[in-house]
Amino acid sequence: MFKGIHKFEPGNEMIVDKTGILSNQAFWELDLTSSTKDSKGVEDKVYEDLKCSVEYRMISDVPVGAFLSGGVDSSIISLLAKKHKPDLQTFSIGFKDEPFFDETTYANAVAKKIGSNHSVFSLSNNDLYEDLDNILDYLDEPFADSSAIAVYLLSKRTKEHVTVALSGDGADEMFSGYNKHLAEFKSRHPGIKESAVKMGYPLWRVLPKSRNSKMANINRQLYKFSLGSRLTNKARYWKWASILNEEKANYLLKEELLFNPQRLSDTAFEYKKRKEGLLKNIRRDGDLNDVLFTDMKMVLTNDMLRKVDAMSMANSLEVRTPFLDHRLVNFAFSLPVAFKINANMKKKILQDAYRAELPEEIYQRPKHGFEVPLLSWFRNELRSTIENDLLSDKFIEEQGLFNVTATRALKKQLFSNNPEDVHAQIWALIVFQTWWKKYMN
């Protein structure tokens, strides 16, 4: 966010010569040249490579445990860790005020199956609110993934028991585990149902949509799929990776900023250059591995790992990621898409490799993501902060960055019966406004 300050890229090394001049260069890059065609022994290799990776990452002179959400990834890591450490402690969080977001049933089922010593931290909406200032302070820069709140609280409670925790991060990006990956696959290989959903765009557009209830969330997903399936591969990826389209993002900014010719030219050029760089690996005639590789480079690096590292270290907890052993990553990207996903199953090879050792119910559960119940929180505990402080008309006008008409519209939608994904946009603004007050005000 500051001119002249840059992030140190993954897989790079920095060299300082005798004169003090710095240079950095890549020492490792993902190998995309090899390809595994034969399915024989692939499941065994994934199992063995991951088993070795887990064992290696359990070497420690302090207590080691594992995060266990009840999803396939953390369940696999916990299963393998338990084989190496009979008294393994596992940890998860739940939301006692918001049953729709609470997934501790699955985590408990896995813990019972593998025999781990499991702790569930059941949080109220007030628990989220109490640590808000600490969480925003530790972010250091505007970071709009609200699941950082959940990771912070999980890390805080986990640190009371262990100093190192294993996580399942990386598996979704390597083996095709997100809902958007299944949607991408179906967009490229549409059947009758997918074609019907695409044609139903006018209906999905007007139905109430939000993440806060089952039916409204289904409407939201149908609308998002029908819209994305009309786009090119690159445009669809960008759409599904965004919380706001470019037109609405521009509308959020104050007109004087947008229509300053010099500022607009420089900003538009920089934005276009960065966007093209992020999307360069998604080819017109490529396959889903292009999407996974782009997720590895952009989403995993700048969102998932950034979030876990910042929130865990804020609580002096070290988190290790066995899925991201470089040998396993190289092997995963040598596999054809058919090994990873089909119309009925995501992370196919992972699910098949461990099915006999994990509870069947975790294979039937929908992908939920590590979300927090923002909508309810914004409408209650945080409402005054939104309306009277960070997004108040007075502060927006004094700040001189945002279009007050646009922020009013976001607040109106937040408190309406059809909030859609507005809570994600509100959270992004809350994070930015807090950062602005801290560093720029």
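Details of the structure are given in the entry above.
Our subject in this report is the structure included herewith.

What counts as what
Residues numbered from 1 in each chain as written. Predicted model: local features only at pLDDT ≥ 70, side-chain atom pairs only at ≥ 80, totals over all residues. Heavy atoms only, no water. Salt bridge = Lys/Arg side-chain N within 4 Å of Asp/Glu carboxyl O. Helix = DSSP H or I, 4+ residues; strand = E, 2+ residues; numbered from the N terminus. Buried < 20%, exposed > 50% of the residue type's maximum accessible area, 1.4 Å probe, protein only. Pairing = 2+ DSSP bridges. Axes fitted to C-alpha atoms, helices over the stretch in contact; angles between N-to-C directions. Phe/Tyr/Trp six-rings, centres within 6.5 Å; stacked < 30°, edge-to-face > 60°.

1. A short note on the pattern of salt bridges
This structure, assessed with the given rule, holds 30 salt bridges. Across the pair Lys348 and Asp352 runs a salt bridge, and its minimum N-O distance is 3.1 Å. Here Lys348 pairs with Asp352, and both are found in helix 18 (residues 348-354), just four residues apart, close to one helical turn. What makes Lys348 partly exposed here is its relative accessible area of 26%.

2. Comments concerning the sheet that holds strand 6 (residues 164-166)
Whenever strands of a sheet pair, they do so through backbone hydrogen bonds, lying parallel or antiparallel. The strand order across the open sheet built from five strands is 5-4-3-6-7, with neighbouring strands paired in parallel fashion. Sheet topology places strand 5 (117-123) and strand 7 (318-320) at the edges, where each strand pairs with a single neighbour. Shown here is a sheet whose adjacent strand axes are inclined to one another by a mean of 30 degrees, direction ignored. The sheet contact formed by strand 6 and strand 7 spans three bridges and is parallel. Bridging from a neighbouring strand, Val164 pairs with Glu318 of strand 7.

3. Observations concerning the packing of aromatic side chains
Overall, the coordinates contain 15 aromatic pairs when judged by the stated rule. Taking the centre distance of 5.6 Å and the plane angle of 45 degrees together, the rings of Phe2 and Trp435 count as tilted. Highlighted residues: Phe2 in the segment before strand 1 (12-16) and Trp435 in helix 24 (residues 422-439), separated in sequence by 433 residues. The class of Phe2 is partly exposed, set by a relative accessible area of 34%. A ring pair is formed by Phe2 and Tyr439, whose centres lie 5.9 Å apart and whose planes are at 75 degrees; its orientation type is edge-to-face.

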